[in-house]
Amino acid sequence: MKKEQLEQMKNGKGFIAALDQSGGSTPKALKLYGIDESQYTNDAEMFALIHQMRTRIIKSPAFNSEKILGAILFEQTIDNLIDGKYTADYLWEEKHIIPFLKVDKGLLDIDSDGVQLMKPIDGLPDLLKRANERHIFGTKMRSVIKEASPKGIAQVVAQQFEVAQVIIDAGLVPIIEPEVDITIPDKSRAEAILRDEIRKHLDRLRDTSDVMLKLSLPTIDNFYKEFTKHPRVVRVVALSGGYPREKANEILAKNKGVIASFSRALTQGLSAQQTDTEFNQMLAETIEGIYEASVK
């Protein structure tokens, strides 16, 4: 199965749907979907509602492998069911979409070097064991760069690749996500430092190690082109980073070989109040736009 999934991820046409809203981002995601805090009283109810939202997206006819290669899930989601199947199994068996798992536990506060490193991922070996049991293909973990600091960015990339090696050793493919904040004034300089640091670490990987990169849409078109051809990189994907969907698609289309891995831009415009017909039509239009930008 993993060989088939690896081939699909390397060479398939489409993009990755990021459905991995975590505890901190779930209230905002639900609010944008038309469900505010008055409609749930505790975390269990909140997570049940977000799973209903994800289920509605995944089961939509528009959500299919003709346009979508993979989907990133939140930890709790892999133990939830869709039509009697674990979510990852439903994705692969019913939709032929590759399941990924968000494994980071959030971010530390911004440090003196202008970056947010990942919090320690306690229990990572056990989580990776569960991921394999739930037939997960790969993982995702996010750091954030707020300043063009050589020292800070070097720390971010080193931490990402250190954890990535643990994930590789567990038989999974890590998505390394050192996000550059799109609002910072020295974004292009931060991207240049980041590219150099990523290159160093990629070139040190063993020939049997595969990773993916999830990067902010760059200031300069095709800035990460070399990574799309690197033998250790399965795929380079882009996060929307807060850009409206139309703007994110516009920038993405100028970066050849890079595909989308959008979250907010994917769910923008979807609402719990929509009829299924309205919901599916909106999702189909959204997916079509992101797909076209990903394959140009």
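A short tour of the structure in this document, coming up. Worth saying up front: this structure is predicted, and the values here are computed from it rather than measured.

Calculation rules
Residues numbered from 1 in each chain as written. Predicted model: local features only at pLDDT ≥ 70, side-chain atom pairs only at ≥ 80, totals over all residues. Heavy atoms only, no water. 1 Å grid on protein atoms, 1.4 Å probe; cavity = no way out; pocket = protein on both sides within 12 Å on 5 of 7 lines; lining within 4 Å. Points joined across faces, edges and corners; volume = space filled by probe spheres on them. Helix = DSSP H or I, 4+ residues; strand = E, 2+ residues; numbered from the N terminus. Nonpolar A, V, L, I, M, F, W, Y, C, P; charged D, E, K, R; others polar. Phe/Tyr/Trp six-rings, centres within 6.5 Å; stacked < 30°, edge-to-face > 60°. Buried < 20%, exposed > 50% of the residue type's maximum accessible area, 1.4 Å probe, protein only. Lys NZ or Arg CZ within 6 Å of the ring centre and 35° of its normal. Salt bridge = Lys/Arg side-chain N within 4 Å of Asp/Glu carboxyl O. Axes fitted to C-alpha atoms, helices over the stretch in contact; angles between N-to-C directions. Parallel < 35°, antiparallel > 145°, perpendicular 65-115°, else oblique. Left-handed = near helix turned anticlockwise from the far one by under 90°. Contact = heavy atoms within 4.5 Å.

**A few points about empty space enclosed by the protein**
Argument step 1. With the rule as written, the count across this model stands at one cavity of 30 Å³ or more.
Argument step 2. Roughly 50 Å³ of internal volume is contained in the largest cavity.
Argument step 3. For the lining of the largest cavity, the elements supplying multiple residues, two or more each, are strand E9 (211-216) and strand E10 (233-239).
Argument step 4. Residue contributions to the lining of the largest cavity peak at three residues, all from E10.
Argument step 5. Of the residues belonging to the lining of the largest cavity, the class tally is eight nonpolar, two polar and no charged.

**A word on the packing of aromatic side chains**
Argument step 1. Per the counting criterion, the structure on display carries four aromatic pairs.
Argument step 2. Each ring, one from phenylalanine 47 and one from phenylalanine 74, has its centre 5.7 Å from the other, and the planes form 25°; the classification is stacked. With phenylalanine 47 in helix H3 (residues 43-59) and phenylalanine 74 in the loop between strand E2 (68-73) and strand E3 (81-82), this pair connects stretches of sequence that are 27 residues apart.
Argument step 3. A ring pair is formed by phenylalanine 100 and phenylalanine 137, whose centres lie 5.5 Å apart and whose planes are at 85°; its orientation type is edge-to-face. You can see phenylalanine 100 sitting in strand E5 (residues 98-102) and its partner phenylalanine 137 sitting in the loop between helix H5 (124-133) and strand E7 (138-145), a full 37 residues away along the chain.
Argument step 4. For phenylalanine 137, a relative accessible area of 2% corresponds to the buried category.
Argument step 5. Among the aromatic residues, those joined into a ring-pair cluster are Phe223, Tyr224 and Phe227.
Argument step 6. For lysine 67, the ring lying beneath its charged end belongs to tyrosine 291, and the centroid distance is 5.1 Å.

**Structural notes on the layout of surface pockets**
Argument step 1. Roughly 770 Å³ of volume is contained in the largest pocket.
Argument step 2. At the level of elements, helix H2 (26-32), E7, strand E8 (173-180) and helix H10 (264-267) are the ones that each hand at least two residues to the lining of the largest pocket.
Argument step 3. No other element matches the three residues that H2 contributes to the lining of the largest pocket.
Argument step 4. Its residues assigned to classes, the lining of the largest pocket comprises eight nonpolar, twelve polar and eleven charged.

**Some remarks on the pattern of salt bridges**
Argument step 1. Evaluation of the coordinates by the stated rule reveals 23 salt bridges.
Argument step 2. A salt bridge links glutamate 288 to lysine 67, with the nearest nitrogen and oxygen atoms 2.5 Å apart. Residue glutamate 288 is located in helix H11 (residues 276-295), and its partner lysine 67 is located in the loop between H3 and E2; the two are separated by 221 residues in the primary sequence.
Argument step 3. Taking the relative accessible area as the measure of exposure, glutamate 288 reaches 30% and is therefore partly exposed.

**Some thoughts on the packing of helix H9 (residues 245-252) against H11**
Argument step 1. One can describe the packing of H9 onto H11 by two numbers: an axis separation of 7 Å at closest approach and a directional angle of 25°. Between H9 and H11, the angle is such that the two are roughly parallel. The chirality of how H9 crosses H11 is left-handed. Packed against H9, whose contacting residues are Arg245, Asn249 and Leu252, the element H11 presents Met282, Thr286, Gly289, Ile290, Ala293 and Ser294 at the interface.
Argument step 2. The class makeup of the residues in the contact of H9 with H11 is four nonpolar, four polar and one charged.

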